[in-house]
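If you want the building blocks of each chain, they are given just below.
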Amino acid sequence: MHGHTKKYIRSRFDEIVEFAEIEKFIDVPLKNYSSGMVSRLGFAIATSVDADIIIADEVLSVGDARFRMKCEKRIDQMLNGGTTLLFVSHNSAQVKKLCKRAVWLEKGKVMDIGPSADVCDKYAKFIRSMPGKPVKKPAPKPVVEDHTEDDDILS
């Protein structure tokens, strides 16, 4: 997997399985894993190495909030260890949190490059200015039925 030898994977096996949180499913064939489980496993394998560069494409878009925080922590550790991260995401908050610099691509065209907060803010402004943007509808009010003693209530 990912160009690693069987010996290497065996040496990191327990760490990979534990990080991916798939201990209960380790004997289940991979073809039966959900897409989220496969993504967790792929992230755990990819980040189990001491890589110079990691490419993460929408990797944090799966899993629950706790698992995403766990992944962000691992990414922080890797960045602090000197790894370069190419992080692809539509989640501006994650880009701002994990990246110092960002590139905004729109239909293959570079729209902006610079500090991640600046680029993300320009992107958000662009999205808000688009015609046909989604309009927030007010949440429906709960229906409260007032039954009196004279009402026939079926149960």
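Note that the coordinates shown come from a computational prediction; the quantities given were computed from them, not determined experimentally.

**Q** Let's hear about the layout of surface pockets: which residues, and what values?
**A** What the largest pocket holds in volume is close to 530 Å³. If you go around the largest pocket, you meet 19 residues; those closest to its centre are Phe87, Ser89, Val103, Trp104 and Leu105. Those elements that provide at least two residues to the lining of the largest pocket are β2 (84-88), α4 (92-98), β3 (101-106) and α5 (116-129). Residue contributions to the lining of the largest pocket peak at six residues, all from β3. Of the residues that constitute the lining of the largest pocket, the class distribution is 13 nonpolar, three polar and three charged. Of the volumes computed, that of the second largest pocket is approximately 220 Å³. Lining the second largest pocket are 17 residues, with Phe43, Ala46, Ile55, Ala56 and Val59 sitting closest to its centre. For the lining of the second largest pocket, the secondary structure elements donating two or more residues are α2 (35-46), β1 (53-57) and α3 (65-80).

**Q** Now, about the nonpolar core: what can you tell me, with residues and values included?
**A** Core analysis: the largest hydrophobic core is formed by 31 residues, its most contacted members being Ile22, Leu60 and Phe87. Contributing elements (two or more residues each) for this core: α1 (6-20), α2, β1, α3, β2, α4, β3 and α5. The residues touching phenylalanine 87, leaving out its near neighbours within four places in the chain, are Ala56, Val59, Leu60, Gln94, Val95, Leu98 and Cys99.

**Q** How would you explain the pairing of strand β4 (residues 109-115) if you had to name every residue and give the values?
**A** One ladder, built from six bridges, connects β3 with β4; its direction is antiparallel. If you follow valine 103 over to β4, its bridge partner there is isoleucine 113. Hairpin connection of β3 to β4: two residues between the antiparallel strands, including lysine 107 at a positive phi of 55°.

**Q** Just give me the short version of the environment of isoleucine 54, but keep the residues and values in it.
**A** Within the element layout of this structure, isoleucine 54 appears in strand β1. The class for isoleucine 54 is buried, based on a relative accessible area of 11%. Here the alpha-carbon distance between isoleucine 54 and leucine 79, two residues 25 residues apart in the chain, equals 9.7 Å.

Definitions and cut-offs
Residue positions are given per chain, counted from 1 along the sequence in the order it is written. Given that the model is predicted, a residue must reach a pLDDT of at least 70 before its local features are reported, and side-chain atom pairs must reach 80 or more before they are shown or counted; all residues, however, enter totals for whole chains, interfaces and linings. Values reported for side chains reflect all heavy atoms of the structure, with hydrogen atoms and water molecules removed beforehand. A cavity here means a set of 1 Å grid points, computed over protein atoms only, where a 1.4 Å probe fits but cannot escape. A pocket is an open set with protein on both sides within 12 Å along at least 5 of 7 lines, and lining residues have an atom within 4 Å of a point. Grid points are joined across faces, edges and corners, and a volume is the space filled by probe spheres set on the points. Runs of H or I in DSSP of at least four residues are treated as helices and runs of E of at least two as strands, each being numbered from the N terminus. Any residue outside Ala, Val, Leu, Ile, Met, Phe, Trp, Tyr, Cys, Pro, Asp, Glu, Lys and Arg is labelled polar, Gly included; the first ten of those are nonpolar and the last four are charged. Only buried Ala, Val, Leu, Ile, Met, Phe, Trp, Tyr and Cys residues count toward a nonpolar core, and they belong to the same one when joined by side-chain atoms within 4.5 Å. The cut-offs for exposure are 20% and 50% of the maximum accessible area for each residue type, with area from a 1.4 Å probe on protein chains only; residues under the lower value are buried, those over the upper are exposed, and the others partly exposed. Contacts are assigned to residue pairs that have any heavy atoms within 4.5 Å of one another. Think of it this way: DSSP has to see at least two bridges between two strands before they count as a pair.

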